[in-house]
Amino acid sequence: LVDVEDQVIRMHRRGISTLFGFSSSQDSKDSRKIIGDLRQGGLALPEREYYFRKDEKSEKQRAAYKTHLKQAFERLGNSPEVSQTKADQVYSFETKLAEASLTNVQLRDPKATYNPVGRHQLVSTEGVWDWERYLNGVGLSAKAKEFNVATPKFFVEMSKTLKAADLDQLKAYLEWSMIRTSAEHLSDSWADFRFEFYGKTLTGTPAQLPRWRRVIKTVDTCLGEALGKKYVEKTFPPAAKQRVQEMV
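Chains are numbered independently. Their residues run from 1 in the order of the written sequence. Local features in this predicted model are restricted to residues of pLDDT 70 or higher, and side-chain atom pairs are both shown and tallied only at a pLDDT of 80 or more, whereas totals for entire chains, interfaces and linings draw on every residue. Each side-chain value is derived from all of the structure's non-hydrogen atoms; neither hydrogens nor water enter the calculation.

K.L.:
Describe unusual backbone geometry, and please don't skip the residues or the numbers.
P.N.:
Backbone geometry at L19 places phi at a positive 70°, although glycine is not the residue there. One can find L19 in the loop between α1 (2-13) and β1 (20-27). A helix here means a DSSP run of H or I that spans at least four residues, while a strand means a run of E at least two residues long, and both kinds are numbered starting from the N terminus.

K.L.:
If you had to explain the nonpolar core to someone new, which residues and values would you point to?
P.N.:
Looking at soluble globular proteins, one finds that nonpolar side chains tend to be buried together. Here, nonpolar core refers to any group of buried Ala, Val, Leu, Ile, Met, Phe, Trp, Tyr and Cys residues whose side-chain atoms link them within 4.5 Å. Each residue is assigned to one of three classes by its accessible area relative to the maximum for its type, calculated with a 1.4 Å probe on protein chains only: buried under 20%, partly exposed between the two thresholds, exposed over 50%. Among the nonpolar cores identified, the biggest contains 49 residues, and L19, F20, Y65, W129, M158 and W176 are the most heavily contacted of them. Listed by contribution, the elements that provide at least two residues to this core are α1, α2 (56-75), α3 (80-100), α6 (131-137), β4 (146-149), α7 (152-164), α8 (167-182) and α9 (188-203). Looking at which element gives the most residues to this core, the answer is α3, with 7 residues. Contacts are assigned to residue pairs that have any heavy atoms within 4.5 Å of one another. When residues no more than four places from it in sequence are discounted, the contact partners of L19 are V8, G41, G42, F93, L97, W129, F154, M158, L162 and Y173.

K.L.:
Please set out the pattern of salt bridges residue by residue, giving values where relevant.
P.N.:
Between side chains of opposite charge, a pair can form as their charged atoms come close. Here a salt bridge means any side-chain nitrogen of Lys or Arg lying within 4 Å of a carboxyl oxygen belonging to Asp or Glu. Tallying each qualifying case throughout the model produces 16 salt bridges. The closest approach of N and O atoms between E157 and K160, which form a salt bridge, is 3.5 Å. Taken together, the residues span about one helical turn, with E157 and K160 both in helix α7 at a distance of 3 residues. Residue K230 is joined to E233 by a salt bridge in which the shortest nitrogen-to-oxygen separation is 3.6 Å. With K230 and E233 both in helix α11 (residues 224-235) and 3 residues apart, the pair spans about one turn of that helix. Residue classification places K230 among the exposed residues on the basis of a relative accessible area of 52%. Taken together, the salt bridges that share partners define one network made up of E5, D6 and R133.

K.L.:
A description of the packing of α2 against α9 should follow, citing residues and the corresponding values.
P.N.:
Helix-helix packing: each pair is described by the crossing angle between the helix axes and the interaxial distance. Convention adopted: a line fitted to C-alpha atoms gives each axis, helices being fitted over their contacting stretch, and angles between N-to-C directions are expressed from 0 to 180 degrees. As a packed pair, α2 and α9 sit with axes 10 Å apart at the nearest point and diverge in direction by 175°. Put simply, α2 runs roughly antiparallel to α9. In this structure, α2 uses Q61, A64, Y65, H68, Q71, A72 and R75 to contact α9, whose residues at the interface are S189, W190, F193, R194, F197, Y198, T201 and L202. For the contact of α2 with α9, the class distribution of residues is 8 nonpolar, 5 polar and 2 charged. By the definition adopted for this analysis, an angle is roughly parallel if under 35 degrees, roughly antiparallel if over 145, roughly perpendicular if from 65 to 115, and oblique otherwise. As a working rule, the residues Ala, Val, Leu, Ile, Met, Phe, Trp, Tyr, Cys and Pro are called nonpolar, Asp, Glu, Lys and Arg charged, and the rest polar, with Gly in that last group.

K.L.:
Could you give me a rundown of the environment of E126, with the residues and numbers involved?
P.N.:
Tracing the chain through its elements places E126 in the loop between α5 (119-123) and α6. Separated by 30 residues in the primary sequence, E126 and V156 have C-alpha atoms spaced 8.2 Å apart.

K.L.:
Which residues make up the sheet that holds strand β3 (residues 116-118), and what are the values?
P.N.:
Strand pairing in a sheet takes place through backbone hydrogen bonds and is either antiparallel or parallel in direction. What the 4 strands build is an open sheet, ordered β1-β2-β4-β3; its pairing is mixed. Every other strand in the sheet has two partners, leaving β1 and β3 as the edge strands with one partner each. Sheet twist, expressed as the average angle between the axes of neighbouring strands with direction ignored, equals 35°. Any two strands with at least two DSSP-identified bridges between them are counted as paired. Strand direction decides the pairing type here: β3 and β4, joined by 3 bridges, are antiparallel. Following the sheet pairing, P116 is matched in β4 by N148. Strands in contact with α7 are β1, β2 (30-40) and β4; relative to β2, the strand with the most contacts, it is inclined by about 35°.

K.L.:
Quick one: what's the story with the packing of α3 against α7, residue by residue and with numbers?
P.N.:
Running from amino to carboxyl end, α3 crosses α7 at an angle of 155°, the nearest separation of the two axes being 8 Å. Classified by the angle between their axes, α3 and α7 sit roughly antiparallel to one another. Note that α3 runs across α7; the crossing there is right-handed. Of α7, the residues touching α3 (which contributes F93, K96, L97, E99 and A100) are K153, F154, E157, M158, T161 and L162. Along the lines of polarity and charge, the residues of the contact of α3 with α7 split into 6 nonpolar, 1 polar and 4 charged. Note: crossing handedness is left-handed where the near helix turns anticlockwise from the far helix by less than a right angle, and right-handed where it turns clockwise.

K.L.:
Can you break down the environment of I16 residue by residue, with the values?
P.N.:
Looking at the element boundaries, I16 is found in the loop between α1 and β1. Looking at I16, the relative accessible area reads 11%, which means it is buried. Along the sequence, I16 and K241 sit 225 residues apart, while their C-alpha atoms lie 40 Å from each other.

Pasting the structure below:
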């Protein structure tokens, strides 16, 4: 799995979501600390229940998702047969991750999702994933010693799923992760293709925002504080601040 780990590291360093989530956050019991945060992820549908609900709407959404998967691989030049195989592999892999995931209700429990561990405890966890290799790969030096494993069960099952999967399935899954994360930032053709499913089918949004507004939204998401500072400089002069202070 070394090659798979290296690919996940490359993707995470570039902000491409795949397999699981890793970020930094404040320690829930000591807000003076910023610690590493590991949690479930890797699903292309919004959350685990999308894979298992039995109502008519959910059945239609899953069918549309499977079609979307196949079409995505076809757009990359694969034959319909190969595309179908890859789509089936991806859906099967994601379903295994979904089975191991907590529900949204369970994720709201702050006690259940607070599981602090030291670096040594994390890297010595049983399983096929090399956490020391991962942490070094994403740029965390040995000084980063504290982590919260928000969803421990997920990582146990993730390790089993990785061990059971064959290389072709893992390659298809990682390829799909790259497609779905990148599509909205590519040509209009790719962005519109992604919107047809994630916009219209999943959320009922009738039309996509023009590209210039999507660009601004992306900048605001990634550099919100810096953008806000520039906005204040242009639209909130000292006189306005003085008026607000007088009101208060």
